Amino acid sequence: MPKLNEVFSGGFLKAEDLGGKSPRVTIERVEVKDFDDGKKLIIHFEGKDKALVCNKTNASIIEEVLGSDDTDVWEGKRITLTTRKVEFQGKLVPAIRVVLEESKAPAPVKSADVEIPEDSDSIPF
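Chemist: Any chance you could explain the environment of Trp-74 here in plain terms?
Modeler: Examined against the element boundaries, Trp-74 turns out to sit in helix H3 (residues 71-74). The class for Trp-74 is buried, based on a relative accessible area of 2%. Separated by 48 residues in sequence, Trp-74 and Thr-26 place their C-alpha atoms 9.1 Å apart. When sequence neighbours within four positions are dropped, the list of residues in contact with Trp-74 reads Ile-27, Val-30, Leu-41, Ile-43, Ala-59, Ile-62, Glu-63, Leu-66 and Ser-68.

See below:
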């Protein structure tokens, strides 16, 4: 039997979709979508089925990391996602955050002169 999260997952990324990992992803495109509480950025990633509903905090971090507030410039750029506990309606809940220190990400591991890149394809979103 499927789990509720699998049945009602929708097309948007949730913290539990990261599975405790911090994948590096490539921004495929950014669009604006109207929600009941206003307009929000939707960030789609290359090779991923789910998109990120981008809040102001994450948008500001992406702007800082990529050096531009022009979302067209973000396309094709790589960012790192992670989960953090944040306060929401008086409770601590897991949320997706963009990692600010993008340039400080660890280099790929080398073994026997063969570079082994980070594999974000193992993150099932």
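Further notes follow.
Chemist: Please explain helix H2 (residues 56-66) as it appears in this structure.
Modeler: Because each turn of an α-helix spans 3.6 residues, side chains separated by three or four positions end up pointing in the same direction. When H2 is considered as a whole, its buried residues turn out to be Asn-58, Ala-59, Ile-61, Ile-62 and Leu-66. Taken end-on, H2 shows its buried residues confined to a sector of 160°, consistent with a single buried face. Structural note: H2 exposes Lys-56 and Glu-64 on the side pointing more than 90 degrees away from its buried face. Contact partners of the buried residues in H2: strand S1 (24-35), strand S2 (38-45), strand S3 (52-54), H3, strand S4 (78-88) and strand S5 (91-98). In this structure Asn-55 caps H2, since a side-chain oxygen of it lies 3.2 Å from the backbone nitrogen of Thr-57. Gly-67 sits one or two positions beyond H2 and adopts a positive phi of about 75°.

Chemist: Quick question: what am I supposed to make of the environment of Glu-64 here?
Modeler: Secondary-structure assignment places Glu-64 in helix H2. For Glu-64, a relative accessible area of 59% translates into the label exposed. Linking Glu-64 and Leu-100, residues 36 residues apart in sequence, is a C-alpha distance of 7.5 Å.

Rules used throughout
Each chain carries its own residue numbering, running from 1 in the written order of its sequence. In view of the model being predicted, local features appear only for residues whose pLDDT reaches at least 70, and side-chain atom pairs are presented and counted only at 80 or more, with totals across whole chains, interfaces and linings using the full set of residues. The basis for the side-chain values is all heavy atoms of the structure; hydrogens and waters are excluded. Put simply, DSSP marks the helices as runs of H or I at least four residues long and the strands as runs of E at least two long, and each gets a number from the N terminus on. Relative accessible area decides the class of each residue, using a 1.4 Å probe on protein chains only: under 20% of the type maximum gives buried, over 50% gives exposed, and in between gives partly exposed. Contact between two residues is taken to exist if any of their heavy atoms lie within 4.5 Å; hydrogens are not considered. As used here, the arc is the angular range of directions from the helix axis to the C-beta atoms. Any pair of nitrogen or oxygen atoms within 3.5 Å is treated as a polar contact; in protein, a donor-acceptor pairing is required on top of that, and neighbouring residues in sequence qualify only through side-chain atoms on both sides.

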